[in-house]
Amino acid sequence: MAFIDLQGVSLAFGSTSLFEDIRLTVESGEKVALVGRNGSGKSTLLKLIAGILRPDTGTIAIQKGIHIAYLDQMVPEDMPGTVLEVVKGDLNRTQDGQQSAFNRRTEKVISQLGLDTTWINNTLSAGMKRKVLMAKALAAEPDVLLLDEPTNHMDIDSIKRLEDMLIKFTGALIFVTHDRMFLQRIATRIVEIDRCKLFDQSCDYETFLARRAAAREVEETRNALFDKKLRKEEQWIRTGVRARRTRNEGRVRELQKLRAIRRDRREAAGIVKMEAQETERSGMLVVKADNISFSYGAAPVISQLSTVIMKGDRVGILGPNGSGKTTLLRLLLGNLQPDSGSIRLGTNLQISYFDQLRQQLDENKTVQENVVENNQDTVTINGQKRHIIGYLQDFLFSPDQVRSYVSTLSGGERNRLLLARLFTRPSNLLVMDEPTNDLDIETLELLEDYLMNYTGTVLLVSHDRAFVNNVVTSTLVFEGAGSVNEYVGGYDDWLRQRAEEIKPAIASKDVPPLRAISHKVKFGFRQQKELDGLTMTIESLETEQKNLYQAMGNSSLYKNDKSEILTKQKRLEAVKALLAESYTRWEELEQLKNESQK
């Protein structure tokens with residue numbers, strides 16, 4: 001008998017159906033990933049299997065003696081006690097030998113997840129608390145493990161530890177995740193929830209995507225042929241009096257069947273449409289940090305970091321939970337002053353901030369009230385007025401949801417709402433702190449496309465490795481003891497480069513040194529000539545920088561000799577330094593020119 005057997009299960013909330021006559025069996029050793037759009041019912045299906053919810057119709061059979069452990073998407077705020085006490089909970093063994101073995105296993109699981117038994121649980125971050133709950137579930141040695149977004153708020157090192165543990169897990173695993181790397185590495189079977197039905201594929205995620213694309217193409221072709229036939233029959237039924245008198249009653253009945261089929265056909269879920277309200281461009285230089293350090297008491301968070309962020313850069317910030325990523329964001333935005341060193345912000349910056357805790361959302365207000373002030377009916381995007389309902393439908397909110405309270409929304413819907421709110425604010429600098437939590441994979445991919453085409457600058461904190469790979473042009477990585485190092489490319493590029501010792505960049509001999517910054521009051525012919533020359537220099541350096549980024553992002557480079565890799569890395573650092581100096585001088589000359597014309 002299968003561990004889990006669902007037969008003819010249906011469930012609806014009010015007038016909204018989630019499942020209609022679904023069937024699912026899960027055997028020991030299977031690792032099943034549930035995928036689908038936000039609101040399709042992934043979390044609900046886990047709760048049905050866990051026994052938290054009951055179906056309207058159908059049966060859910062669990063093999064006798066099977067122990068199920070369930071990890072909810074939401075982390076309880078209050079879980080008192082030490083990590084060890086929370087993990088042990090009320091699990092006790094009747095025999096001394098069993099209790100001793102349980103204690104050893106508990107401490108081993110806690111250690112494997114990078115936790116300390118003596119930590120006070122309620123003082124931990126959301127990511128740490130999630131690891132504690134994971135340890136609790138694994139320590140109980142379940143036969144079936146149900147995980148709802150297990151990687152939310154976890155740092156990359158913790159996610160990799162969890163992957164290693166779940167690969168070795170011998171029971172049945174059913175999980176929901178938006179993390180595509182996690183999904184690809186863990187799942188041996190993919191079950192998609194789409195339009196109240198389950199589509200089951202025993203394969204890895206990449207194979208599933210190829211099969212789904214082919215199936216959807218067949219579906220679109222079949223629907224197009226059906227619609228063509230229906231239009232033809234509708235045209236026939238509307239012909240003249242003579243045709244109606246002689247029409248075939250069997251053909252009329254067939255048309256009625258066609259109408260019923262078309263009426264009952266469920267269309268595929270909509271696609272999120274993202275369009276941000278961009279403002280006038282910022283200056284070339286966005287942020288320049290010179291040798292900055294910051295500590296909390298005696299604990300160094302950032303030590304002697306220098307970096308330059310230019311207009312159009314997409315910078316990822318990586319590091320363990322608690323390492324200081326949010327602190328670095330606050331420093332770079334000028335909201336926090338460094339203990340030493342200096343930070344210079346560029347001109348004309350307009351910042352939009354995505355908050356991972358969603359504190360910008362008011363749960364006691366409606367979806368509409370969280371996007372527009374005074375409950376207005378319209379929103380302006382890039383000079384064009386749009387009705388708020390139409391705008392929010394682009395983010396897959398129905399008209400009924402627009403007037404519902406935020407407290408009724410799921411985690412993914414709240415993130416979509418935060419994006420909708422964010423994109424109504426004019427910006428040329430997007431700061432996104434964990435924007436991927438709870439979003440479905442299709443929306444994630446659309447957000448990636450949007451960010452790659454965004455003409456402003458992006459600062460991104462994320463533990464989603466695929467998302468970082470696909471979006472950023474460089475990374476700032478916390479690597480212990482206050483050390484923050486800069487790397488070209490995304491997460492995989494960092495893995496390839498971090499083993500190499502990157503020496504301080506030295507400007508190449510073929511680029512002439514820039515003139516020392518002048519502090520003369522007058523702006524004359526010589527300064528104008530220098531300004532014209534700087535414009536050409538900046539264009540040349542920007543082109544070279546773009547070519548180097550492309551070269552460094554090509555995996556084939558890393559098959560070559562290490563000296564070639566180091567040469568390109570050094571040259572890239574030199575070009576960035578020269579660009580920063582050029583922009584600084586260009587802005588100074590422009591300011592001097594403007595002042596002389598007053």
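Residues numbered from 1 in each chain as written. Predicted model: local features only at pLDDT ≥ 70, side-chain atom pairs only at ≥ 80, totals over all residues. Heavy atoms only, no water.

A.B. asks: Help me understand the overall build of the protein in this model?
C.D. replies: Check the secondary structure of the protein and you find 19 helices and 20 strands. Within the protein, the proportion of its 598 residues that are buried is 48%. Once local pairs closer than 6 in sequence are excluded, the contacts in the protein between residues at least 24 apart make up 69%. Total accessible area on the protein is roughly 29,600 Å²; 49% of this is exposed by carbon and sulfur atoms. (Helix = DSSP H or I, 4+ residues; strand = E, 2+ residues; numbered from the N terminus. Buried < 20%, exposed > 50% of the residue type's maximum accessible area, 1.4 Å probe, protein only. Contact = heavy atoms within 4.5 Å. Areas by Shrake-Rupley, 256 points an atom, 1.4 Å probe, with all protein chains shown as cover.)

A.B. asks: Explanation requested: the environment of L572 in the structure shown.
C.D. replies: Assignment of secondary structure puts L572 in helix α19 (residues 562-597). Along the backbone, L572 and K546 are 26 residues apart, and their C-alpha atoms lie at a distance of 9.5 Å. Among residues more than four places away in sequence, those in contact with L572 are V488, Q545, L548 and Y549.

A.B. asks: Explanation requested: the pairing of strand β11 (residues 299-310) in the structure shown.
C.D. replies: Consecutive side chains along a regular strand alternate between the two faces of the sheet. Sheet analysis places strand β10 (residues 285-296) next to β11, joined by eight bridges and oriented antiparallel. Paired with K288 across the two strands is V308, which belongs to β11. Between β10 and β11, which pair antiparallel one after the other, the connecting turn spans two residues, and G297 there sits at a positive phi close to 65°. (Pairing = 2+ DSSP bridges.)

A.B. asks: So what exactly am I meant to see when it comes to the pattern of salt bridges here?
C.D. replies: Close approach of charged atoms lets side chains of opposite charge pair. Under the counting rule described, the total for this entry stands at 17 salt bridges. Note that E163 and R185 form a salt bridge whose closest N and O atoms lie 2.8 Å from each other. Taken together, the positions of E163 in helix α5 (residues 156-168) and R185 in helix α6 (residues 180-186) put the pair 22 residues apart, joining distant regions of the chain. One salt bridge connects R465 with D179, and the closest N-O pair in it is separated by 3.6 Å. (Salt bridge = Lys/Arg side-chain N within 4 Å of Asp/Glu carboxyl O.)

A.B. asks: Would you take a moment to explain the sheet that holds strand β8 (residues 189-194) for this structure?
C.D. replies: By way of backbone hydrogen bonds, the strands of a sheet pair with one another, either parallel or antiparallel. Overall, mixed pairing links the six strands, which are arranged β5-β6-β7-β3-β8-β9 in an open sheet. Where the open sheet ends on each side, the last strands, each with one partner, are β5 (68-71) and β9 (197-201). Averaged over all pairs of adjacent strands, the angle between their axes in this sheet comes to 15°, without regard to strand direction. Looking at chain direction, strand β3 (residues 31-35) and strand β7 (residues 172-176) are connected through four bridges and run parallel. Residue pairing in the sheet places V32 in a bridge with I174 of β7. (Axes fitted to C-alpha atoms, helices over the stretch in contact; angles between N-to-C directions.)

A.B. asks: Got a minute to help me understand the sheet that holds strand β12 (residues 314-318) in this structure?
C.D. replies: A sheet is described by the order of its strands in space; here six strands give the open sequence β14-β17-β18-β12-β19-β20, paired in mixed fashion. One side of each edge strand has no neighbouring strand; the edge strands of this open sheet are β14 (351-354) and β20 (484-488). Each strand axis lies, on average, 15° off the axis of its neighbour in the sheet, ignoring direction. Sheet topology places strand β17 (residues 429-433) next to strand β18 (residues 457-461); five bridges connect them, and they run parallel. Residue pairing for β18: L430 is matched across the bridge by V458. The strands touched by helix α10 (residues 325-332) within the sheet are β12, β14, β17, β18, β19 (474-478) and β20, with β12 carrying the most contacts at an inclination of about 145°. Its contacts with the sheet put helix α15 (residues 441-453) on β12, β17 and β18, and the angle it makes with β17 is roughly 150°.

A.B. asks: Please explain helix α4 (residues 126-139) as it appears in this structure.
C.D. replies: For the α-helix, the turn length of 3.6 residues means that residues three or four positions removed from each other point alike. The end-to-end C-alpha distance of α4, which contains 14 residues, comes to 20 Å, matching closely the 20 Å that a straight helix rising 1.5 Å per residue would cover. For α4, every residue scored as buried is listed here: G127, M128, K129, R130, K131, V132, L133, M134, A135, A137, L138 and A139. One or two positions beyond α4, positive phi appears at E141, with a value near 50°. (Expected span 1.5 Å × (residues − 1).)

A.B. asks: For this particular structure, what's the right way to read α5?
C.D. replies: Compared with an ideal rise of 1.5 Å per residue, which puts 13 residues at 18 Å, α5 spans 19 Å between its outermost C-alpha atoms and is within 8% of the ideal. Every buried residue of α5 is accounted for by I156, S158, I159, L162, E163, M165 and L166. Measuring from the backbone nitrogen of D157 back to the side-chain oxygen at the start of α5 gives 3.3 Å, which picks out D155 as the cap. (Polar contact = N/O pair within 3.5 Å; in protein donor to acceptor, adjacent residues only side chain to side chain.)

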